[in-house]
Amino acid sequence: MPPSAELEARLLGEIMRIPAIDVHSHVPPEAPYARTLRDLLGYHYFTELAHSAGLDKRLIADETPDEQMLPALVDAMQALDNTVQYSWMIELSRELFGFPHARLTRDNWPALAESVRLRGRRPGREREILKASSIEKVFLTNSFDDNLAAVDKGIFVPCLRADTLVFGFTDRDVRARLAKVAGMEVGKAADLRNALANVLRHFEANGAASAAIALPPHFETSPVAEADLNAAIGKAAADKPLTAAEAATLHNGILFALTALCQQFELPMQVMSGALRDAYRHGIPKGTDLPQSGDTLRPLLPLFNGFPSLTFCVSVLSDSQGQELASYGWIVRNVVVSGHWWYHTIPAYIERDLTARVQSVPKTKLIGYYSDMYKLEFGLPKFNMYRRVLARVLARDLVQSGRGTEADAVQVAHLLLRDNARRIFTV
Amino acid sequence: MPPSAELEARLLGEIMRIPAIDVHSHVPPEAPYARTLRDLLGYHYFTELAHSAGLDKRLIADETPDEQMLPALVDAMQALDNTVQYSWMIELSRELFGFPHARLTRDNWPALAESVRLRGRRPGREREILKASSIEKVFLTNSFDDNLAAVDKGIFVPCLRADTLVFGFTDRDVRARLAKVAGMEVGKAADLRNALANVLRHFEANGAASAAIALPPHFETSPVAEADLNAAIGKAAADKPLTAAEAATLHNGILFALTALCQQFELPMQVMSGALRDAYRHGIPKGTDLPQSGDTLRPLLPLFNGFPSLTFCVSVLSDSQGQELASYGWIVRNVVVSGHWWYHTIPAYIERDLTARVQSVPKTKLIGYYSDMYKLEFGLPKFNMYRRVLARVLARDLVQSGRGTEADAVQVAHLLLRDNARRIFTV
Amino acid sequence: MPPSAELEARLLGEIMRIPAIDVHSHVPPEAPYARTLRDLLGYHYFTELAHSAGLDKRLIADETPDEQMLPALVDAMQALDNTVQYSWMIELSRELFGFPHARLTRDNWPALAESVRLRGRRPGREREILKASSIEKVFLTNSFDDNLAAVDKGIFVPCLRADTLVFGFTDRDVRARLAKVAGMEVGKAADLRNALANVLRHFEANGAASAAIALPPHFETSPVAEADLNAAIGKAAADKPLTAAEAATLHNGILFALTALCQQFELPMQVMSGALRDAYRHGIPKGTDLPQSGDTLRPLLPLFNGFPSLTFCVSVLSDSQGQELASYGWIVRNVVVSGHWWYHTIPAYIERDLTARVQSVPKTKLIGYYSDMYKLEFGLPKFNMYRRVLARVLARDLVQSGRGTEADAVQVAHLLLRDNARRIFTV
């Protein structure tokens, strides 16, 4: 090995041992790991890519039985065996299920399915997976009325997902659920603040560490006048249709009220910016959203400016915003640059953004990576993908460039994978 | 050589032998190769760069004789001998004309001119060039009323260029040409569909494999109401000026009518998105258009969503859209990611986009490259430029990363250069 | 060393010796170098990053004494010791002040402070610094009413900063200063042109080589009608509030009048595009502006098109515009691609943009780098950062790719660092 490859390998060895904090996932705490192969192959990355490559969507529909769905999907996945997403499946199968092959085929999937079934029955399976993945804690995505009491707080961290509150208030069912969990009806702005405070108190009491929201491209944040918010809430509560301006008032009113409470409760807010929802009309479930090039963080400045003592951990979906986000982390004190999200969680984009972040943003203001996973098994290949890029970037850019020692590089890796998250979210 | 350079060289050797399908060119089938040096140096890449670097545009005007134009242009090109575009000229001169020098100079151009003149008289010259270039077939850019009967179908594939139909209908001359070739006047929407169907039947009968259109930045695709389209066609046919809204209705009405017919005739549509036409007022011919940063594919979604069983092969002009386009290929079943277009066909951009595409898009949904050339000679250096980047990306990213074998990499190269195009366009 | 590293090192050796022309800085000619450590650590890159990383802004306020400010800032800078910006401070301390450490600490900063104090008293210190930096001349940023007589023309080049003229005319104090320096009041468009001509004559007489202006994202340049400009000037001169449309007329009227004069006086205009001013409300001085992703140069085309014989040296702030800017340099004869500005002056972005520029833009149309510095000491590490990237890019991309010899690469470096600036600005 040339010296640079040796350095990178040494750094990777250290980085693989850092117990990561995974600050964003969709893991369901009541069923956190796979019981069947379908629990793994059903991950939207595979179904959406297979559908995009030509698979009939009926073959991956919920009602299609495993014995029909699995071989069809495995066959279709041959068209995407070049991708990083495919390699996640192979790596986790090898590392967590003893799968010995480099490709998943019509012949070898049944053995993998059996291994998933057997290992899924092992006691303490979630901790076994996390240990093998060098992940210590995993943040959840909780609805405002989730029952958090049963969550295993030793490994999971509740996190309030705010999208439904902010964008779903015109839905009668959402309002009913909010009334139930908050113990009160919301008819005006003051009620809203009280109801949201009740929700946050409940989350705080159950160890929640963060709120999270995804905002569409070009969403204009703006504080709203109390009277306007009262009017919008009143119309929504009466099931009257809102104009676009009233809807914007309602969304911003709820967003700012919630953010004010997050500041008060010291609950950092994770903002994912830029997903264009339901853009592809013929996609499969979870495979209809797209990034939008040309998006900007500028319309979020009123939010960041309005709550200077609340930390916002920000991710973007479009790679055309990589430098913009880094500049926000560089200048804006309450903005932390977080992860490599969704369509962006591909080594080519990670390496590019990570290099610039390590070169230009204070090391204390970077959250390296989060998995966004739906089952714990995916933490291993996704974090390993990130760890490999991190080792390469730190070797080349920090150590070989002469800006730091190998020990400095390891310290930066600890901050990005673990220490910054622990400090920012108090976990 | 270190092992990685050896691997890359082996892959390049294989890749150089793949007979490519070139899905987009402007080669005139009646004069496909150079008869004079001016046919080569007159390529807009050289004239626009030389003009930009200071050459008086009168010296490269059509009426300026060769003996004045050629030495002036050769001199001016010294200012751009650092560029990849310049290297295309040197590589093709060496490989196709036995030119032994690394730079074109006032002293050595006459010998090259003589070689072009002599080799241009060789019988079967077009096939000789294609063989030396490892290119099997070349798509043409045909106007809706081109005579396709004389096209040599053994090496050329007709392709309907739709820009004039979609954007030129207010031009009386265009309407007259359409009436002549379609055998009917167009006075309302139903006529339009019939006339376009006649055009497509003619193209289908002559082996056309594709339609193609270039759309300006932020062009909003949208289906239009029959009555509105009737009104817009009526005004245009009567030579009355259209409002901006009526023009948009007309453009979209024709675009959607043509797209519906492409779906019916199973003719994939190549969409080139993002050229800002006539932006630079003082440019030379073909040197006045520019990319626009901040552009997005979002306004094309109604088109992609509206014709789910038609394949769209999409290219973008701005590098800020590289990831957006890859995400479309990843999610949207009828979008294929195609080539590296125009201002984008530079190794730095190709390498970046290709890496991300190979990492994240099914290998069956990528068309690697097309030449966009005006003379067959340019296929060699442009495809070779692409082949070198492809070898590097596959070596590093597929094989060395452990995601595939050397044989896998060669198979991906076959798909990108040849097999996907043959399957998608049925050629 | 492998052959590629040897080549890069040889090129870097040559490149380090090229006496650069620095075409944009904020160096105050009356106090061009540091007298105290605070003069260096007070550079906004450090204060804004330290503040962003958590430092209380009161500790870096002007009124805070050195003995409190310096240790606090040095401590806070530990959070950013991973950054390139931090490395500028270490490199200049080592090269210009004999500082032997890799990190600045609470223990070692007093010795550095003492060295700054001592070396700041050396006679001819500015030339000593420039010699150590291989920089020959440094452009200044001069207000329209600066006294230019005292400027040391042997090393400094005056440059008219136009922002205040273009955007500050509604400010009564600005108008008074303009009246004083131009020797006339401005009440209508004709006065404006005469007053600006007087300013330019004054600058020309004092060896000015350039005008410069920063334009906000999406600023729409447009020529204005004389009557409209008269009306806008009249209102502004009478201290009446302007509508948004009138303000746009005023800004464009002054911009176009000034640009016409620059064309007449043959004074190239440096345009910095894309800084969103005062975006972050809680920032420290000079730490409140941000780039805006999604920006485009398209709205500047009326300016570039309107003055075809004036050279515009253009920089962008958002990395999403890197390719757009390169394409402008490629096509638009009077656009020169200049430097890597501000949030962009980070090796990851420089390498990416420089690679594409060297591959696609005539070598005569590139200004490699400018320092943007406030004290001469920063020219050394900033230019060295650029020189290292330049050596790497030229080694890999020009020489190893076979497109040029080592001598060609050195010649390109001379053009980018020195010769193009000398030719374009006649210095």
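One numbering rule holds for all chains: residues counted from 1, following each sequence as written. Labels are handed out in written order, letters beginning with A for the chains and numbers beginning with 1 for the ligands. The predicted origin of the model limits local features to residues at a pLDDT of at least 70 and limits the giving and counting of side-chain atom pairs to 80 or more, whereas totals for whole chains, interfaces and linings rest on all residues.

1. Let's talk about the overall build of chain A
- Helical segments are the DSSP runs of H or I of at least four residues, strand segments are the runs of E of at least two, and each set is numbered from the N terminus. If you tally the helices and strands in chain A, you get 17 helices and 11 strands.
- Taken over the C-alpha trace, chain A has a radius of gyration of 22 Å; the compact-globule value for 427 residues is 22 Å, and the two agree within 12%.
- Taken along the three principal axes of its C-alpha coordinates, chain A extends 65 × 55 × 40 Å.
- Three exposure classes are used, based on other C-beta atoms lying within 10 Å of a residue's own C-beta, which is placed from the backbone: buried for 20 or more, exposed for 12 or fewer, and partly exposed in between. Here chain A, with 427 residues, has 57% of them falling under the buried criterion. Note that the radius of gyration is over C-alpha atoms, with the globule rule given as 2.2 Å times the number of residues to the power 0.38.

2. Things to note about the pairing of strand β9 (residues 312–316) of chain A
Residue and element names in this part refer to chain A.
- Along β9, five of the five residues are buried, which leaves the element largely enclosed by surrounding structure.
- Side chains F312, V314 and V316 project from β9 onto one buried face, and the interleaved C313 and S315 project onto a second face that is buried too.
- Paired strands are those between which DSSP finds at least two bridges. With five bridges joining them, strand β6 (residues 269–273) and β9 adopt parallel strand pairing. Of the residues in β9, the one forming a bridge with Q270 is C313.
- Direction of pairing for β9 relative to strand β10 (residues 335–338): parallel, over a ladder of three bridges. Counterpart to V314 in the pairing with β10 is V337.
- Remark: the β9/helix α14 (residues 322–331)/β10 crossover connection has right-handed handedness. The handedness of a crossover follows from its direction of travel: if, with the strands pointing away from the viewer, the path from the first strand over the helix to the second runs clockwise, the crossover is right-handed.

3. Some remarks on the sheet that holds strand β11 (residues 366–367) of chain A
- If you trace the six strands from one edge of the open sheet to the other, you get β4-β5-β6-β9-β10-β11 (chain A), paired in parallel fashion. In the strand order of this sheet, the two ends are held by β4 (159–161) and β11 of chain A, each with one partner.

4. Section: the sheet that holds strand β6 (residues 269–273) of chain B
- Taken in spatial order, the six strands make up an open sheet running β4-β5-β6-β9-β10-β11 (chain B), and their pairing is parallel. With one partner strand each, in any of the chains shown, β4 (159–161) and β11 (366–367) of chain B form the two edges of the open sheet.

5. Observations regarding the relation of the copies chain B and chain C
- Superposition of chain B onto chain C requires a rotation of 120° combined with a translation of 0.0 Å along the rotation axis, giving an RMSD of 0.0 Å. Both copies of the chain, as the preceding transformation shows, are related through a three-fold rotation axis. Among all residues of chain B, the minimum C-alpha distance to the rotation axis is found for G294(B), at 2.3 Å.
- Distance between backbone-placed C-beta atoms decides contact: two residues are in contact if it is within 7 Å. The overlap is low: 6% of the interface residues of chain B also sit at the interface in chain C, so different surfaces are used on the two sides. Least-squares superposition aligns the copies on the C-alpha atoms of those residues with pLDDT at or above 70 in both.

6. What to know about the interface of chain A and chain B
- Listed per partner, the contact involves 32 residues of chain A and 30 residues of chain B.
- For the side of chain A that touches chain B, the secondary-structure elements that each account for two or more residues are α3 (44–52), α5 (84–97), β8 (290–291) and α15 (347–360) of chain A.
- Here the side of chain A that touches chain B gets four residues from one element, more than from any other, and that element is α3(A).

7. A short note on the domain arrangement of chain A
Residues and elements named next belong to chain A.
- In terms of domains, chain A is made up of domain 1 (3–32 + 132–425) and domain 2 (34–119).
- Annotation comment: domain bounds sourced from an automatic or database domain assignment. Taking only C-alpha atoms into account, the centre of domain 1 sits 28 Å from that of domain 2.
- Across the boundary between the two partners, domain 1 contributes 16 residues, which contact 17 residues of domain 2.
- If one sorts the elements of the side of domain 1 that touches domain 2 by residue count, helix α16 (residues 379–399) sits on top with five residues.
- Basically, the charged four are Asp, Glu, Lys and Arg, the nonpolar ten are Ala, Val, Leu, Ile, Met, Phe, Trp, Tyr, Cys and Pro, and anything else, Gly included, counts as polar. When the residues that make up the side of domain 1 that touches domain 2 are grouped by side-chain class, the tally is nine nonpolar, three polar and four charged.

8. Side note on the relation of the copies chain A and chain B
- Once chain A is rotated about the relating axis by 120° and shifted along it by 0.0 Å, it coincides with chain B to within an RMSD of 0.0 Å.
- The fraction of interface residues of chain A whose copies in chain B are also interface residues is only 6%, indicating that the copies meet through different surfaces.

9. A short note on the confidence of the model for chain A
- One confidence number per residue, pLDDT, is output by the predictor and ranges from 0 to 100. Per-residue confidence for chain A gives a mean pLDDT of 97, with 100% of residues at or over 70.
- Predicted complex metrics record ipTM = 0.97 and pTM = 0.98.

10. Section: the interface of chain B and chain C
- With 32 residues of chain B in contact, the opposing surface of chain C contributes 30 residues.
- Only α3 (44–52), α5 (84–97), β8 (290–291) and α15 (347–360) of chain B provide two or more residues apiece to the side of chain B that touches chain C.
- Among the residues forming the side of chain B that touches chain C, the class breakdown is 15 nonpolar, 14 polar and three charged.

11. Concerning the environment of L255(C)
Residue and element names in this part refer to chain C.
- Secondary-structure assignment places L255 in helix α12 (residues 244–265).
- Residue classification places L255 among the buried residues on the basis of 23 C-beta atoms within 10 Å.
- For L255 and Y33, which are 222 residues apart along the polypeptide, the C-alpha to C-alpha distance reads 33 Å.
- Discounting residues that sit within four places of it in the chain, L255 has contacts with V166 and T221.

12. Details of unusual backbone geometry
- In this model, E266(A) sits at a positive phi of 55°, which is unusual for a non-glycine residue.
- Positionally, E266(A) belongs in the loop between α12 (244–265) and β6.
- Not every positive phi belongs to a glycine, and H218(C) is a case in point at roughly 60°.
- With respect to the helices, strands and loops of the structure, H218(C) is situated in the loop between β5 (210–215) and α11 (226–237).
- In this structure H218(C) comes out as partly exposed when scored by C-beta crowding, with 15 C-beta atoms within 10 Å.

13. What to know about the packing of helix α9 (residues 172–182) of chain A against helix α10 (residues 189–205) of chain A
All names here are of chain A.
- Structural elements are reduced to axes, namely lines fitted to C-alpha atoms, with helices fitted over the stretch in contact, and the angle between N-to-C directions of any two is expressed from 0 to 180 degrees. Relative to each other, α9 and α10 sit at 65°, their axes nearing to 9 Å. Note on packing geometry: the crossing formed by α9 with α10 is left-handed. Between α9, through L178, V181 and A182, and α10, the contact on the second element is made entirely by A195, N198 and V199. Crossings are classed by handedness, with left-handed meaning an anticlockwise turn of the near helix from the far one by less than a right angle and right-handed meaning a clockwise turn.

14. Topic: the environment of E126(C)
Residue and element names in this part refer to chain C.
- Note that E126 resides in helix α7 (residues 125–133).
- The class for E126 is partly exposed, based on 18 C-beta atoms found within 10 Å.
- For the pair E126 and L200, spaced 74 residues apart in sequence, the C-alpha to C-alpha distance is 28 Å.
- Setting aside residues up to four positions removed in sequence, E126 forms contacts with P32, Y33, I155 and L376.

15. Looking at helix α7 (residues 125–133) of chain A
All names here are of chain A.
- Every buried residue of α7 is listed here: I129, L130 and S133. Down the axis of α7, the buried set is contained in an arc of 95°. They therefore lie on one face.
- Tucked into the core, α7 has its buried residues touching α5, β2 (135–139) and α16.
- A positive backbone phi angle near 50° is found at S134, which sits one or two residues after α7. What the arc describes is the spread of directions from the helix axis to the C-beta atoms.

16. Some thoughts on helix α17 (residues 406–425) of chain A
Residue and element names in this part refer to chain A.
- Between the first and last residue of a helix there are one fewer steps than residues, each counted as 1.5 Å, and that sum is the expected span. Counted at 1.5 Å a residue, the expected span for α17 with its 20 residues is 28 Å, and the 28 Å between its end C-alpha atoms agrees.
- Think of it this way: the bend at a residue is just the angle between two axes, each fitted to seven residues, one set ending at that residue and the other starting at it. The sharpest bend along α17 comes to roughly 55°, located at L415.
- Among the residues making up α17, those that are buried are A409, V410, V412, A413, L415, L416, L417, R418, N420, A421, I424 and F425.
- Downstream of α17 by one or two residues, T426 has phi in the positive range, about 55°.

17. A few points about the pairing of β10(A)
All names here are of chain A.
- The side-chain alternation of β10 yields two buried faces, one formed by V335 and V337 and the other by V336 and S338.
- Across two bridges, β10 lies against β11 in parallel orientation. Residue pairing for β11: V337 is matched across the bridge by L366.
- Traced from β10 through α15 to β11, the parallel crossover comes out right-handed.

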